Amino acid sequence: MAIADSTRLLVTAPDQGRRRKRTKIPLTPGERRNLRLARALLWPALIVAILITQVPFVVTIYYSFQTWNLQRPRDRGFAGLENYVDVLTNGAFFSSLWATVLIVGSSAVISLVVGMALAMLLDRKFFGRGLARTLLITPFLMMPAASALIWKWSMLDNDAGMVNWVLGLIGISPIAWNTSLPILTVIITLAWQYTPFMMLILLAGLQSQPQDVLEAASVDGAGPVRTFFSMTLPHLRQYVELAVLLGVILMLQVFDPVNIMTKGTGGTKTMAYLLYERAFIGSDIGEASAYGVLTVIVTIVVATIALRTLFKMLKVEGDLR
Amino acid sequence: MSTAVVPRGGRTRKRITGAVLTVITWLVTLGFFFPVAWMVFTAFKSERDAATNPPTFLAELTLANFQRVFDSGFSAYLINSFSASVMSTIIVIILAFPAAYALSIRPIVKSTDALFFFISTKFLPLAAAAVPIYLVLQNFGLLDNVSALTVLYLGMNLPLAVWMMRSFLMEVPREIIEAAQVDGAKFSTEMLRIVLPLVAPGMAAAALICFIFAWNEYFLANLLTSTIARTAPPALGSFVSGRGQFLAVLSAAATIAVLPVIIAGWVAQKRLVRGLAMGAIK
C-alpha cells in the first residue's frame with residue numbers, strides 16, 4: 001500500500017529525515033495527516049503503559065544499588081554491587097530459583113500432558129461435548145485465591161479432605177499433604193488450574209488440522225497411533241510451544257498458592273514469594289530490589305523465547321504486516 | 001492384495017470404543033470439576049456436616065453460611081473488587097481500541113516494535129515492580145485506596161487488551177474501510193461508526209478477559225490494601241479461623257466470589273481461547 005510504504009521510509013530511518021529535504025520524498029498532506037493521526041491514536045496507551053509498568057522497573061534497578069532498610073531509614077546510601085553480592089552468596093536466591101523451576105516446571109509438564117489427553121478426548125463428537133468443555137475450563141476461571149483455599153482446606157486437608165477419603169477407599173492411609181508434602185500441594189493446585197488453559201490451546205490446534213489429510217492417512221492404512229505421532233504431533237508442535245511458554249510465563253509470577261497454602265515453607269519459596277518476604281516482611285528495600293532485578297532477568301530469558309514463538313506463529317498465519 | 005477389506009464387526013467395535021471413550025471423557029471431566037461442585041455443595045451445608053469424615057453426601061441444606069458471609073461485611077470487599085475491575089476495564093478499552101486501530105488498520109511502520117513493547121510489559125513479573133509502587137503509594141497516602149488499585153489494574157491489562165483488539169481488527173475487511181474513505185467519511189466516522197460495530201463482539205471478549213484478570217488479582221490487592229479498599233481475593237483468607245470449623249462459611253464466601261467470573265467465562269468461552277493465546281490462534 002502506497003501510504004504504508006512512504007511512511008515506512010519516513011519512520012524507520014530517522015537519519016534519512018535530513019536527506020528527505022534534498023530528495024523530497026513526495027508526502028502528500030493527506031499522508032502526513034494519516035501518520036500524525038495514527039501516532040495520536042497510539043500514544044495515549046503507550047504513555048500509560050510506560051508510566052505504570054516501566055517506570056517502577058527503572059526505580060527498582062536504582063533501589064537495587066542502594067543500602068536501604070526501612071527499619072533504619074538514616075543509613076541509606078549508595079551500595080554499589082553489595083546487594084547483588086549478598087543476594088547471590090546467601091543461598092536464598094538459588095534455592096528460590098530451584099523452587100521456582102521445580103514448581104513451575106512440574107506444573108507445566110503435568111498440565112500439558114493432562115491437557116493434551118483432554119484435548120484429544122474432546123476432539124471428537126460425543127454426548128454432551130459442549131457441556132464437558134464448559135465444565136473443564138472452569139478451574140482456569142476460578143479465582144486463584146479461592147482455588148488455593150479450597151484445595152488446602154477442602155480437598156487436601158488431613159482429616160476432612162476429599163482426597164484422603166478417596167485414597168482411604170482404596171486402602172491408602174491418610175497423607176498430611178499440607179505439612180509433609182507442601183511442594184506437591186502447590187503443584188497439584190497449579191496443575192489443576194492450568195490444565196484447562198493448555199487444553200484450550202491444544203484443542204484449537206487439533207481442530208485446525210486439515211481433516212482430508214487425516215482421512216487420506218487412514219485410507220492409506222495408517223493406524224491411530226501412527227497418525228498421532230507422525231501427523232498430529234508435528235502439526236501441534238507450535239501450539240504446544242505456545243501453550244507451554246504462555247503457561248510458564250503466567251506461572252512464573254505465581255504467588256497466590258504459595259502465600260495461601262504454605263507461606264514459603266518446605267521448599268516452596270518461589271522467587272516472587274522470596275522478594276515479597278524480603279521487601280515487606282524484612283523491610284530490606286535494597287536487597288529485595290536486587291532480587292527483583294534478578295527475577296526480571298530470569299523472566300526476560302523465558303519471555304524472549306516465548307515472543308519469538310508468538311511472532312513466528314503470527315507470521316505463519318500471514319497476520320503480521 | 002486388497003487393503004480396503006473392512007473386518008466383520010468393525011463397525012460394532014468402533015461403536016464400543018466410542019462409548020468407552022465417552023465414558024472416560026465424562027469421568028475425567030467430572031473429576032476435574034469436582035472441587036468446584038464440592039465447594040458449592042459445601043457452601044449449603046451446616047458447619048458440622050461440612051467437616052465430617054467420611055464426607056456427608058446427604059446433608060440438610062441451609063442458606064445460613066451466605067448470611068454469615070454477608071454479615072461479616074464481605075459485600076464491601078465485593079463492591080471494591082467490582083469497582084476496581086469495572087473501572088479499570090472501561091479505561092483499558094477506551095485506551096486500547098485506538099491504539100490497536102493504529103497498529104492494525106492504520107499501521108505506523110514501527111507498529112511491530114510497539115506491539116513487542118506492549119506484550120513485553122505483560123511478561124515482566126509484577127513482584128519486581130511492587131517495591132517502588134508500594135513506596136510511592138505510601139508517600140502519597142494512597143495505600144488502601146481503590147482508585148490506586150484501579151490504575152494498577154489498568155496498567156496490568158492494557159497490553160493484553162491491545163493485543164486482543166488488534167487481532168480482531170485485523171479481520172475487518174479492507175474494502176469496507178476503503179469504501180468509507182472513498183465516500184469521504186471523516187476519520188471519526190470511519191473508526192467509531194463503521195469499524196467499531198464490526199469488532200464489538202471482539203471488544204466485549206477483550207473487556208471480559210480484562211475484567212476476569214482484575215477480579216481474580218491477588219498479589220497487588222493483598223499487598224496494597226488492608227481494610228477500606230480490600231478486594232475479595234485477599235479477604236477470602238480471613239474466613240479461615242484457628243478456632244472451630246469454618247469449611248462451610250469459607251466455601252460460601254468462595255462460591256460468591258468466583259461465581260460472577262465463572263458464569264461470564266462460560267458465556268464467552270469461544271472467544272476466550274483466542275484472547276488467552278494473545279491472538280495467535282484463530
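Residues numbered from 1 in each chain as written. Chains lettered and ligands numbered in written order. Predicted model: local features only at pLDDT ≥ 70, side-chain atom pairs only at ≥ 80, totals over all residues.

1. Focus: the overall build of chain A
In step 1: Of regular secondary structure, chain A possesses 15 helices and 2 strands.
In step 2: In chain A, once contacts between residues fewer than 6 apart in sequence are set aside, the share between residues at least 24 apart is 71%. (Helix = DSSP H or I, 4+ residues; strand = E, 2+ residues; numbered from the N terminus. Contact = placed C-beta atoms within 7 Å.)

2. Digging into the overall build of chain B
In step 1: Secondary structure summary: chain B contains 13 helices and 0 strands in total.
In step 2: Taking 19 Å as the expected radius of gyration for a compact globule of 282 residues, we find that chain B reaches 25 Å, considerably beyond that expectation.
In step 3: With the principal axes as the frame, chain B shows a C-alpha extent of 85 × 70 × 35 Å.
In step 4: The 282 residues of chain B split such that 46% are buried. (Rg over C-alpha atoms; globule rule 2.2 N^0.38 Å. Buried ≥ 20, exposed ≤ 12 C-beta atoms within 10 Å, placed from the backbone.)

3. A short note on the packing of helix H7 (residues 144–155) of chain A against helix H12 (residues 247–267) of chain B
To characterise two packed helices, one gives the angle between the axes of the helices and the distance between these axes.
In step 1: Their axes nearest at 10 Å, the elements H7(A) and H12(B) cross at an angle of 155°. Comparing the axis directions of H7(A) and H12(B) gives the class roughly antiparallel. Two packed elements cross with a definite hand, and for H7(A) against H12(B) that hand is left-handed. For the pair formed by H7(A) and H12(B), the contact residues are A:Ala146, A:Leu149, A:Ile150, A:Trp153 and A:Ser154 on the first element and B:Leu247, B:Leu250, B:Ser251, B:Ala254, B:Ala257 and B:Val258 on the second.
In step 2: For the contact of H7(A) with H12(B), the residue count by class is 9 nonpolar, 2 polar and no charged. (Axes fitted to C-alpha atoms, helices over the stretch in contact; angles between N-to-C directions. Parallel < 35°, antiparallel > 145°, perpendicular 65-115°, else oblique. Left-handed = near helix turned anticlockwise from the far one by under 90°. Nonpolar A, V, L, I, M, F, W, Y, C, P; charged D, E, K, R; others polar.)

4. What about the interface of chain B and chain A?
In step 1: Contacts between the two partners involve 84 residues from chain B and, on the opposite side, 85 residues from chain A.
In step 2: Per element, the largest residue contribution to the side of chain B that touches chain A is 14 residues, and it comes from helix H1 (residues 10–43) of chain B.
In step 3: Looking at side-chain class alone, the side of chain B that touches chain A contains 67 nonpolar, 15 polar and 2 charged residues.

5. Quick word on the confidence of the model for chain B
In step 1: Looking at chain B, the pLDDT average stands at 86 and 94% of residues meet or exceed 70.
In step 2: Across the whole predicted complex the pTM is 0.85, and at the interface the ipTM reaches 0.88. (pLDDT = per-residue confidence, 0-100.)

6. Quick look at the confidence of the model for chain A
All names here are of chain A.
In step 1: Mean pLDDT over chain A works out to 82, with 89% of the residues at or above the 70 mark.
In step 2: Within chain A, the element-level pLDDT minimum falls on helix H1 (residues 2–12), averaging 36, and the maximum on H7, averaging 93.
In step 3: Here residues 1–22 is modelled with pLDDT under 50, and outside its nearest four sequence neighbours on either side it reaches 17 contacts, counting other chains as well.

7. A short note on the environment of B:Thr225
Residues and elements named next belong to chain B.
In step 1: On the secondary structure map, Thr-225 appears in the loop between helix H10 (219–224) and helix H11 (232–236).
In step 2: Residues Thr-225 and Ala-235, 10 residues apart in the sequence, show an inter-C-alpha distance of 10 Å.
In step 3: Here Thr-225 is in contact with Asp-144, Leu-149, Arg-230 and Thr-231, once residues within four sequence places are set aside.

8. Re the domain arrangement of chain B
Interface extent is often summarised as the accessible area lost during association of the parts.
Residues and elements named next belong to chain B.
In step 1: Its domain assignment divides chain B into domain 1 (10–65) and domain 2 (73–276).
In step 2: For domain 1 and domain 2, the distance between their C-alpha centroids amounts to 33 Å.
In step 3: Residue assignment for the side of domain 1 that touches domain 2 shows that the elements contributing at least two residues are H1 and helix H2 (47–50).
In step 4: In terms of residues, the side of domain 1 that touches domain 2 owes the most to one element, H1, which gives 4 residues.
In step 5: For the side of domain 1 that touches domain 2, the per-class residue count stands at 5 nonpolar, 3 polar and 2 charged. (Domains from an automatic or database assignment.)

9. Details of the pairing of strand S1 (residues 66–69) of chain A
In step 1: As paired elements, S1(A) and strand S2 (residues 72–78) of chain A share 3 bridges and run antiparallel to each other. Within S2(A), the residue paired with A:Asn69 across the bridge is A:Arg72. (Pairing = 2+ DSSP bridges.)

10. A look at the nonpolar core
All names here are of chain B.
In step 1: Counting residues in hydrophobic clusters, the biggest one holds 169 residues, and the most contacted among them are Ala-96, Met-165 and Ala-253.
In step 2: Residues from two domains meet in this core; each of domain 1 (10–65) and domain 2 (73–276) gives at least three.
In step 3: Among residues more than four places away in sequence, those in contact with Met-165 are Ala-96, Phe-97, Ala-100, Gly-202, Met-203 and Ala-206. (Core = buried A, V, L, I, M, F, W, Y, C linked by C-beta atoms within 7 Å.)

11. Observations regarding the pairing of S2(A)
In step 1: Of all 7 residues making up S2(A), only 0 are buried, and the element is barely covered by its neighbours.
In step 2: Between S1(A) and S2(A), which follow one another and run antiparallel, lie 2 residues.

12. Digging into unusual backbone geometry
All names here are of chain A.
In step 1: Backbone geometry places Lys-263, a non-glycine residue, at a positive phi of 55°.
In step 2: Looking at Lys-263, the number of C-beta atoms within 10 Å reads 13, which means it is partly exposed.
In step 3: Here Ser-283, not a glycine, exhibits a phi torsion of approximately 60°, which is positive.

13. So, the packing of helix H5 (residues 92–122) of chain A against helix H10 (residues 182–207) of chain A
Residues and elements named next belong to chain A.
In step 1: At a closest axis distance of 6 Å, the pairing of H5 and H10 adopts a crossing angle of 40°. When the interaxial angle is binned, H5 and H10 end up oblique. The way H5 lies across H10 gives a crossing that is right-handed.
In step 2: Class assignment for the residues of the contact of H5 with H10 results in 21 nonpolar, 5 polar and no charged.

14. Considerations on the environment of B:Pro132
In step 1: Residue placement: B:Pro132 occurs in helix H6 (residues 126–139).
In step 2: Given 21 C-beta atoms within a 10 Å radius, B:Pro132 is considered buried.
In step 3: Residues in contact with B:Pro132, not counting those within four places in the same chain, are A:Pro56, A:Val59, A:Thr60 and A:Tyr63.

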